[in-house]
Amino acid sequence: MDPDGSAQPGSPAVGVVVGEDGLARPSWAATDPLMREYYDTEWGMPVRDERGVFERVSLEAFQAGLSWATILRKRPAFRAAFADFDPDVVAAFGEDDVERLMADAGIVRNRGKVHATIGNARATIDLRAEGGLPALIWSFRPEATPEPRTIAEVPTATDESAALAKELRRRGFKFVGPTSMYALMEAIGIVDTHLLGSHRRGTSGVWAAAPSDPSADAGR
């Protein structure tokens, strides 16, 4: 999930914005109530269960070319359409389900992405014999996390996200490029790209607030 895209408000050169509640957030989370709630409660918190990770991989695929705000508003409809992202149910979808989804105005109606999500569910099931999708994705956690002061300093892809995308494609996944996989890594806590000064920096329990500090090891 890539909320730092160009569709979001605010200049990339701007750091945190202090809201009326006194909390500092990036500009993309400073105005829209839905985005602010998502930022305050969910973005960057660890997700390690299969269904949760599969949902986020799926939504990353649907987000390609769109803003995350669009996907977030449609997420309840996506969950209803895709059986709450239960991989076993989605993997069994057939052409009748594809046509049902293509007629569902509540989601993003893209046939390629619909087929990819069904195929990715099947690939998720295949991974269970080797530790599962969450374990595979979390195995690409880097040694260090960025320390961005502005949105412009947040990477859009890294060697780890490129390697993750390559491995997922090898396993049969589609719509899993290096940029979308880095956004996934941000969203589920594998890296912490909360801006320095944000009230959410270091709150995931995975990384310390100041990774360059020797005490950062305590968060690993």
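The structure under discussion appears in the preceding block.
Since this is a predicted model, take the numbers as computed values, not measurements.

Conventions we followed
- Residues numbered from 1 in each chain as written.
- Predicted model: local features only at pLDDT ≥ 70, side-chain atom pairs only at ≥ 80, totals over all residues.
- Heavy atoms only, no water.
- Axes fitted to C-alpha atoms, helices over the stretch in contact; angles between N-to-C directions.
- Helix = DSSP H or I, 4+ residues; strand = E, 2+ residues; numbered from the N terminus.
- Parallel < 35°, antiparallel > 145°, perpendicular 65-115°, else oblique.
- Left-handed = near helix turned anticlockwise from the far one by under 90°.
- Contact = heavy atoms within 4.5 Å.
- Nonpolar A, V, L, I, M, F, W, Y, C, P; charged D, E, K, R; others polar.
- Buried < 20%, exposed > 50% of the residue type's maximum accessible area, 1.4 Å probe, protein only.

K.L.:
Quick question: what am I supposed to make of the packing of helix α2 (residues 50-63) against helix α9 (residues 178-187) here?
P.N.:
Describing two packed helices takes the angle between their axes plus the distance from one axis to the other. Taken N-terminus to C-terminus, the directions of α2 and α9 make an angle of 140 degrees; their axes are 10 Å apart at the nearest point. Taken as axis vectors, α2 and α9 run oblique relative to one another. The interaxial crossing formed by α2 with α9 has right-handed handedness. For the pair formed by α2 and α9, the contact residues are Arg56, Val57 and Glu60 on the first element and Ser180, Ala183 and Leu184 on the second. Residue classes in the contact of α2 with α9 are distributed as three nonpolar, one polar and two charged.

K.L.:
Just checking my understanding: could you explain unusual backbone geometry for this structure?
P.N.:
The phi angle at Ala83 is positive, at roughly 50 degrees, despite the residue not being glycine. Structurally, the position occupied by Ala83 is in the loop between α3 (68-81) and α4 (87-91). With a relative accessible area of 29%, Ala83 lands in the partly exposed category. Phi at Phe175 takes a positive value of approximately 60 degrees, unusual for a residue other than glycine. Along the chain, the position of Phe175 falls in the loop between α8 (159-170) and α9. Classification of Phe175 by relative accessible area gives partly exposed; the value is 37%.

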